[in-house]
Amino acid sequence: MDKHTLTATIPHESLGDRLDITLVLLFSDYSRSRLQKWIKDGHVILDDKVWKSPKQTVLGGEQVQLLVEIESNLNAIAQDIPLNIVYEDAAVMVINKPVGMVVHPGAGNPDGTIMNALLFHDASLRDVPRAGIVHRLDKDTSGLMVVAKTIPAQTHLVDQLQRHDVERIYDAVVVGQMSVGGTVDRPIGRSPKDRTKMAIREFGGKRAVSHYRVLERFRDYTRIRVKLETGRTHQIRVHMASLGYALVGDQTYGKRFRIPKGMMDEFVDFLRNFKRQALHAGALSFEHPVTGRKMKWKAEMPDDMFELIDVLREDIEVYESNMLGRDGFDYDYGVEVAWVADEDIPK
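A brief look at the structure comes next.

Here we look at the pairing of strand S6 (residues 92-97)
Summarising burial for S6: 6 of the 6 residues are buried, a large majority. With burial as the criterion, each face of S6 is covered, one bearing Val92, Val94 and Asn96 and the other bearing Met93, Ile95 and Lys97. Hairpin connection between strand S5 (residues 85-88) and S6: a loop of 3 residues separates the two successive antiparallel strands. Note: S6 against strand S7 (residues 142-148), 6 bridges, orientation antiparallel. Counterpart to Ile95 in the pairing with S7 is Met145.

The structure is reproduced here in structure tokens:
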């Protein structure tokens, strides 16, 4: 843990303001939530007295000392792991995460993660909490994620996320045939039955909102696009499962996959062996923390999702072809039909 002390004088214009709001103005490199935590932990001293309530009001003119504690990444080793970097400048980096790669080291995944790769790519990220990682993607979810390269940039991006100003759009394939799109506004929290899972929690959950629309329908499957308003753990997976449309391949929230009537064996085998959730973070947009310019990136789905969609399209073609030729009925009554123009018709 990297610790150091910052000092400042509270301006007289702050008379009557909350302590946390005042500190945000004085120490703008840090988010309000982080400052509130430091206050509650007893890391803020005003005129030689520890203040532990963010709601306390200031008089103005007080001398403030802030003990800054920055989470250290010393335990994570730098590893030469290739990163698909879509964009990079002095403040931010946007990467396209592959399927199967964990974002953070943890139980069962001590290394080989995005964080390990980031520390090798840029050693200065060791001085930024979580190596600059602002939001996560599940191990088996692919797509775009942003990394902050400085603490001020990280603070700015976290604030944007909290204000729902970061646009994140996902492509997904679900089990079942959806008729229309819509919005899911249901809170999500840790499952009381299985602490490794998330669940809809009407009481005790955090607000979670997902907007989805139908892109393409197949036999018993649907391709959708989901826009996140909030970003809870496993949000899309839990929300879609709550509607009865679990993601294809979701080993945690999905049920047995469906086999449409008459589906070819090779298509059935492909679906049976699709072992990861069909979810891809395809679009990311946010305000650049330094320039203030709105920036947007897109990333194509990985090959396995393209192949999944091709299989489901081909299944429709094969099924319809078989059905059309099944009754053997000649709908043209043996007459050769040709299209003609109006001027070719005798008057």
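Quick notes on the nonpolar core
Of all hydrophobic cores here, the largest spans 48 residues; its most connected members are Leu19, Leu23, Val44, Leu46, Val64, Ile236 and Met240. Those residues in contact with Leu19 that lie beyond four places of it in its chain are Ile39, Val44, Leu46, Trp51, Ser53, Pro54, Gln56 and Val58. Val175, Phe270, Ile309 and Leu312 belong to the second-largest nonpolar core, a separate cluster that totals 18 residues.

With respect to the packing of aromatic side chains
In total, this model carries 3 aromatic pairs according to the counting rule given. Considering the side-chain rings of Tyr87 and Trp297, the 5.4 Å spacing of their centres and the 45° angle between planes classify their relative orientation as tilted. With a gap of 210 residues between them, Tyr87 in strand S5 and Trp297 in strand S15 (residues 294-298) connect regions that are remote in the sequence. Looking at Tyr87, the relative accessible area reads 23%, which means it is partly exposed. A centroid spacing of 5.1 Å and a plane angle of 35° characterise the contact between Phe286 and Trp297, whose relative ring orientation is tilted. One end of the pair, Phe286, is in strand S14 (residues 279-287); the other, Trp297, is in strand S15, with 11 residues separating them in the sequence. Residue Trp297 is classed as buried on the basis of its relative accessible area of 10%. If you follow Arg219 out to its NZ or CZ, it ends over the ring of Tyr319, 3.9 Å from the centre.

Structural notes on helix H3 (residues 114-121)
Counting buried positions along H3 yields 6 of 8 residues, so the element is predominantly enclosed. Looking only at H3, the buried set comprises Ile114, Met115, Asn116, Ala117, Leu118 and Leu119. The N-cap of H3, judged by a side-chain oxygen 3.3 Å from the amide nitrogen of Met115 a few residues on, is Thr113.

Concerning the pairing of strand S13 (residues 221-228)
Moving residue by residue along a regular strand, the side chains alternate between the two faces of the sheet. Extensive coverage of S13 is indicated by the burial of 6 of its 8 residues. Note that strand S8 (residues 167-175) and S13 share 8 bridges and pair antiparallel. When the bridges of S13 are listed, Tyr170 appears paired with Val226. Bridge count for strand S12 (residues 209-217) against S13 is 7 bridges, and the pairing is antiparallel. Within the sheet, the bridge partner assigned to Arg213 lies in S13 and is Arg225. Hairpin connection of S12 to S13: 3 residues between the antiparallel strands, including Asp220 at a positive phi of 70°.

Focus: the environment of Arg225
As for its position among the elements, Arg225 is in strand S13. Among the residues examined, Arg225 registers a relative accessible area of 26% and is labelled partly exposed. As a C-alpha pair, Arg225 and Gly112 span 113 residues in sequence and 30 Å in three-dimensional space. A distance of 2.8 Å separates the side chain of Arg225 from the side chain of Asp171, its partner in a polar contact.

Considering the environment of Asn84
Mapped onto the secondary structure, Asn84 falls in the loop between strand S4 (63-70) and S5. Note: C-alpha distance between Asn84 and Pro54 (30 residues apart in sequence) is 41 Å.

Comments concerning a negative patch on the surface
Taken together, Asp265, Glu266, Glu314, Glu317 and Glu320 make up a surface patch of like negative charges. Those elements giving two or more residues to the negative patch turn out to be helix H6 (265-272) and helix H7 (303-324). The dominant element in the negative patch, judged by the number of residues it contributes, is H7, at 3 residues. Turning to its location among the elements, Glu266 is positioned in helix H6.

What counts as what
- Residues numbered from 1 in each chain as written.
- Predicted model: local features only at pLDDT ≥ 70, side-chain atom pairs only at ≥ 80, totals over all residues.
- Heavy atoms only, no water.
- Buried < 20%, exposed > 50% of the residue type's maximum accessible area, 1.4 Å probe, protein only.
- Helix = DSSP H or I, 4+ residues; strand = E, 2+ residues; numbered from the N terminus.
- Pairing = 2+ DSSP bridges.
- Core = buried A, V, L, I, M, F, W, Y, C linked by side-chain atoms within 4.5 Å.
- Contact = heavy atoms within 4.5 Å.
- Phe/Tyr/Trp six-rings, centres within 6.5 Å; stacked < 30°, edge-to-face > 60°.
- Lys NZ or Arg CZ within 6 Å of the ring centre and 35° of its normal.
- Polar contact = N/O pair within 3.5 Å; in protein donor to acceptor, adjacent residues only side chain to side chain.
- Patch = residues over 30% accessible without salt bridge, like charges linked within 9 Å, V, L, I, M, F, W, Y side chains within 5 Å.
- Areas by Shrake-Rupley, 256 points an atom, 1.4 Å probe, with all protein chains shown as cover.
- Salt bridge = Lys/Arg side-chain N within 4 Å of Asp/Glu carboxyl O.
- Lys, Arg positive; Asp, Glu negative; His and termini not counted.
- Charge placed at Lys NZ, Arg CZ, Asp CG, Glu CD.

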